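The residues making up each chain are set out below.
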Amino acid sequence: MSKLKIYGYKCKNCGKVHYPHKSLCKNCKHDMFEDFEQVELPTNGKLLTFTNLHTPSGDFDVPILKLGIVELENGNRITGQLNIDEPKIGMSVKGVVKTVRKSDYENYKGIVFSKA
Amino acid sequence: MRDVYVLGIGITSFTRLEYPLYEIAAYPAKMAMKDAGIETVDHIFVSNMGGARLNNQTGLASAVVDNLSLLPAGAETIENGPASGASAIKAAYMAVASGLHDVVMATGAERMREVNNLDATDFVATLTHPLAEYIYGVTLPSLAGMFTRLYMDKYGITSRHLGMVAVKNHANAMNNFYAHLHQEITLDGILDSPEAMTNNPYVADPLRFFDCCPVSDGGACLILGTADAARRTGKPMIRLAGVGQATDTHCVFERDEPTDLLAVRGAAKKAFDMAGKSPCDVNVAELHDAFTVLEIVESEEVGFFNKGEGHIALEEGYTKLNGKLPINPSGGLKAKGHPVGATGIGQAHEIVLQLRGGAKKRQVENAKVGFTCNFGGFGNNVVCLVFERED
């Protein structure tokens, strides 16, 4: 099985990488509804903030769901789940892409960070 | 554009209501018509966020206008997340100011307790980005938790400051018959005592149970109209002097400075500029404290206090009912409750009551200018209103 990746959306006019996708570029307003380059995002970064959610929604079979916002090495930011015992603001983290949510119909893939 | 005035107001208790959604919207509407002494309106806007998902009810405005026997008046439902209420007031404002209609109703309703708390939280979480936030289990409390952690790190606010907001707003709600929570709390009970962890467990750390608003059912209504129509009511002349709205990134993580709430700042500035007022003119304010931290941060972003100093004003009692600028005399979302689609109208209801001098035990003395901030999403869509009493 090939390694799953997470992608950003690069404007073909000015080069800004968006995550998530925008129909018009935030920087130059270029129409990137379909005209964009899909680029692989780095999975390493720095933890900006986090929370331990004690009341996760019914799709999550865990008592506490750990969530965080990470600034990736290329400067893009992303929300992900955390697999870290004692998270700290500013710590280095590395991400893997895997199933983050299971509903009755679908397994959703996303990024999960652990201590780098 | 024509000046726009408040003709009548109405509200239900914010609590669990065993009525169909359209009746939760109709009850405050009939109260407001009685208050204004009118039997008909030209148009109604009904604000609601979750009818389709929680109550199996779409096209709510059509149900409400018929229930009120106001046919064939025009009727539309407004959905703008938790800012739906103020958005409906804004729509009514535009209808009167433009000259399209003379008397327009904005009535809001939500019935969230038809489902359990987890489903209600998951419903509100559908406000988040479906691919970049929601799939991870991001909920509004989790966004507020992450925001609070950063704010504490940067500006030195503590759990104690958050607790002080909760204690203040619970105390205010004791004097509000319509409030959801009539429960006086103390810092000792929620933070210091050995039982504090049981009384006040973590929800999304550093936020605890008493930092979060309850899940409420409820409705509220404001009727707006021309100066002539307002004079006929015989009530004090309360003018909707400023209406401002601004938006911010859908994903919270995309904000350049994640501790800024730029939509709050922008919406407040627009509302003050339009009214020709400044934040220091305000005598009473209702801010959107869905989480205690938001009352502090919004009090800074709208311009009442410098950035990073809202918690100091709170410590000094500046925002208490007898302080220099009382914030959330109704109890706020924290204790009055948060029926999402009705909340913004509930805030305006309180301000109009205060400016009329009819707020009884929680009356702010000599209130002439009032302000509301209705906060949608996690700050991605904000509507602010400035009301002024004209004597």
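Per chain, the residues get numbers from 1 upward, laid out in the order the sequence is written. Just so you know, chain letters begin at A and ligand numbers begin at 1, following the order they were written in. Note on the predicted model: pLDDT of at least 70 is required for a residue's local features to be given, and 80 or more for side-chain atom pairs to be given and counted; whole-chain, interface and lining totals, by contrast, use all residues.

Engineer: Explanation requested: the overall build of chain B in the structure shown.
Structural biologist: Looking only at helices and strands, chain B features 15 helices and 11 strands. Taken over C-alpha atoms, the radius of gyration is set against a globule rule of 2.2 Å times the number of residues to the power 0.38. Here the C-alpha atoms of chain B give a radius of gyration of 19 Å, agreeing with the 21 Å that 2.2 N^0.38 yields for 391 residues. With 391 residues in all, chain B has 63% of them scored as buried. Our contact criterion uses C-beta atoms placed from the backbone: two residues qualify when those atoms are within 7 Å. Considering only residue pairs separated by 6 or more positions, chain B has 77% of its internal contacts joining residues 24 or more positions apart. Secondary structure elements follow DSSP: runs of H or I of four or more residues count as helices, runs of E of two or more count as strands, with numbering from the N terminus. The burial criterion counts other C-beta atoms lying within 10 Å of a residue's C-beta, which is placed from the backbone; the residue is buried at 20 or more, exposed at 12 or fewer, and partly exposed between these limits.

Engineer: How should the nonpolar core be read in this particular structure?
Structural biologist: Burial of nonpolar side chains together is a common tendency in soluble globular proteins. Within the largest apolar cluster, 159 residues are counted, with the highest numbers of intra-cluster contacts made by Val64(B), Ala92(B), Cys221(B), Leu222(B), Ile223(B), Leu224(B) and Leu385(B). Among the elements that take part in this core, helix α1 (residues 21-36) of chain B stands out by supplying 11 residues, more than any other. To define a nonpolar core, we join buried Ala, Val, Leu, Ile, Met, Phe, Trp, Tyr and Cys residues through C-beta atoms within 7 Å and take the resulting set.

Engineer: It is not clear to me how the sheet that holds strand β2 (residues 17-18) of chain A should be interpreted in this structure. Could you clarify?
Structural biologist: The strands that make up a sheet pair up through hydrogen bonds in the backbone, lying either parallel or antiparallel. All names here are of chain A. The pairing criterion is simple: DSSP has to find at least two bridges between the two strands. On the basis of which strands lie adjacent, the open sheet formed by three strands has the order β2-β1-β3 and antiparallel pairing. The open sheet has two edge strands with one neighbour each: β2 and β3 (36-40). Sheet topology places strand β1 (residues 7-11) next to β2; two bridges connect them, and they run antiparallel. The residue bridging Lys 10 from the neighbouring strand is Val 17, located in β2.

Engineer: I tried to follow helix α15 (residues 340-356) of chain B on my own but got confused; where do I start?
Structural biologist: The α-helix advances 3.6 residues per turn, and as a result positions three or four apart in sequence lie on the same side. All names here are of chain B. Between the first and last C-alpha of α15 there are 25 Å, a value that for 17 residues agrees with the 24 Å anticipated at 1.5 Å per step. Burial analysis of α15 places 16 of its 17 residues in the buried class, which makes it a mostly covered element. Gly 357, located one to two residues past α15, shows a positive phi value of around 80°. One less than the residue count of a helix, multiplied by 1.5 Å, gives the span that helix is expected to have.

Engineer: What exactly am I supposed to notice about the interface of chain A and chain B here?
Structural biologist: By a frequent convention, interface size equals the accessible area lost on bringing the separate parts together. Counting from both sides, the interface comprises 26 residues of chain A and, opposite them, 29 residues of chain B. Listed by contribution, the elements that provide at least two residues to the side of chain A that touches chain B are β4 (44-53), β5 (65-72), β6 (77-82), β7 (92-102) and β8 (107-115) of chain A. Considering each element in turn, the side of chain A that touches chain B owes the most residues, six residues, to β4(A). Residue classes in the side of chain A that touches chain B are distributed as 13 nonpolar, 11 polar and two charged. The classification used treats Ala, Val, Leu, Ile, Met, Phe, Trp, Tyr, Cys and Pro as nonpolar, Asp, Glu, Lys and Arg as charged, and all other residues, Gly among them, as polar.

Geometry only, nothing functional implied.
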